[in-house]
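Spelled out from the first residue to the last, the chains are:
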Amino acid sequence: MQKLTEKPEDQPAPFIPEDKTLLLVDDDAPFLTRLARAMEARGYEVTVANTVKDGKAEARAKKPGFAVVDLRLEDGNGLDVVAAIQEARPEARIVVLTGYGNIATAVAAVKLGAVDYLAKPSDADAIEAALLARTGDKALPPENPMSADRVRWEHIQRVYELCDRNVSETARRLNMHRRTLQRILAKRAPK
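Remember, predicted model here, so these are calculated numbers, not experimental data.

Asker: Hey, could you run me through the packing of aromatic side chains in this one?
Answerer: The description of an aromatic ring pair rests on the distance of the ring centres and on the angle between the ring planes. Under the definition given, this model contains one aromatic pair. An angle of 90° between the planes, with centres 5.6 Å apart, marks the rings of Tyr-44 and Phe-66 as edge-to-face. Of this pair, Tyr-44 sits in the loop between α1 (29-41) and β2 (45-49) while Phe-66 sits in strand β3 (residues 66-70), and the two are 22 residues apart along the sequence. Neither Tyr-44 nor Phe-66 differs from the other in exposure class; each is buried.

Asker: Hey, could you run me through the packing of helix α6 (residues 148-162) against helix α8 (residues 178-186) in this one?
Answerer: Packed helices, taken two at a time, are described by the angle between their axes plus the distance between the axes. Direction vectors running N to C along α6 and α8 enclose 110°, while the axes themselves pass 11 Å from each other. Comparing the axis directions of α6 and α8 gives the class roughly perpendicular. Contacts between α6 and α8 involve Arg-152, Trp-153, Ile-156, Gln-157 and Tyr-160 on the former and, on the latter, Leu-181, Ile-184 and Leu-185. In terms of residue class, the contact of α6 with α8 is built from six nonpolar, one polar and one charged.

Asker: Got a minute to help me understand the sheet that holds β2 in this structure?
Answerer: In sheet architecture, strand pairing relies on hydrogen bonds along the backbone and comes in two forms, parallel and antiparallel. Strands sit in the order β2-β1-β3-β6-β7 across an open sheet of five strands; the sheet is parallel. Of all strands in the sheet, those bounded by a partner on one side alone are β2 and β7 (114-119). Between one strand and the next, the sheet's axes are offset by a mean angle of 15°, whatever the strand orientation. Bridge analysis of strand β1 (residues 21-25) against β2 gives five bridges, and the strand direction is parallel. Each bridged residue has a counterpart across the sheet, and for Leu-24 the counterpart in β2 is Val-48. Across the face of the sheet, helix α3 (residues 78-88) comes into contact with β1, β3, β6 (93-98) and β7 while running at roughly 165° to β3. Strands β1, β3, β6 and β7 of the sheet are contacted by helix α5 (residues 124-132), whose axis makes an angle of about 140° with β6.

Rules and cut-offs
Residues numbered from 1 in each chain as written. Predicted model: local features only at pLDDT ≥ 70, side-chain atom pairs only at ≥ 80, totals over all residues. Heavy atoms only, no water. Phe/Tyr/Trp six-rings, centres within 6.5 Å; stacked < 30°, edge-to-face > 60°. Helix = DSSP H or I, 4+ residues; strand = E, 2+ residues; numbered from the N terminus. Buried < 20%, exposed > 50% of the residue type's maximum accessible area, 1.4 Å probe, protein only. Axes fitted to C-alpha atoms, helices over the stretch in contact; angles between N-to-C directions. Parallel < 35°, antiparallel > 145°, perpendicular 65-115°, else oblique. Contact = heavy atoms within 4.5 Å. Nonpolar A, V, L, I, M, F, W, Y, C, P; charged D, E, K, R; others polar. Pairing = 2+ DSSP bridges.

Right, dumping it as structure tokens:
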């Protein structure tokens, strides 16, 4: 079995920016402060922002080589910041963090250019590992995998997002009664 530290011959090494400029975007001030200090201790030149507006402005001004972006911010969606970073510097390595993860947003983040999608709380070691990971590295299996109910909920959420949040269209595609779908969407995600 291949170790994660070994480089397969047919696997190209990812482009890792030489400058260690890092943009952190999160509206949780204590978490942002702790993460900024930890990443500075690892040699990164850190810039912080706590809104979509500020994150986009910093992305355009600083053109960071690395970024860690929270998905849900007070003034909008962190995916808008991911898009701005990719526009400013296409080779930037971006990790999206969220406490409200679902498959649809993970797919959207990766399509916009994020290299990984981590659930909060994540520590600086896990974040740096994700920022520097080779393409194709396999993550370790989860300690507590999702329940079948959670997998079903994630699938419904993904189809709902792909249908542009149209309940009728989502119900039709899932072959489900519209009222049943509305009840499922109104509930919190199962554990």
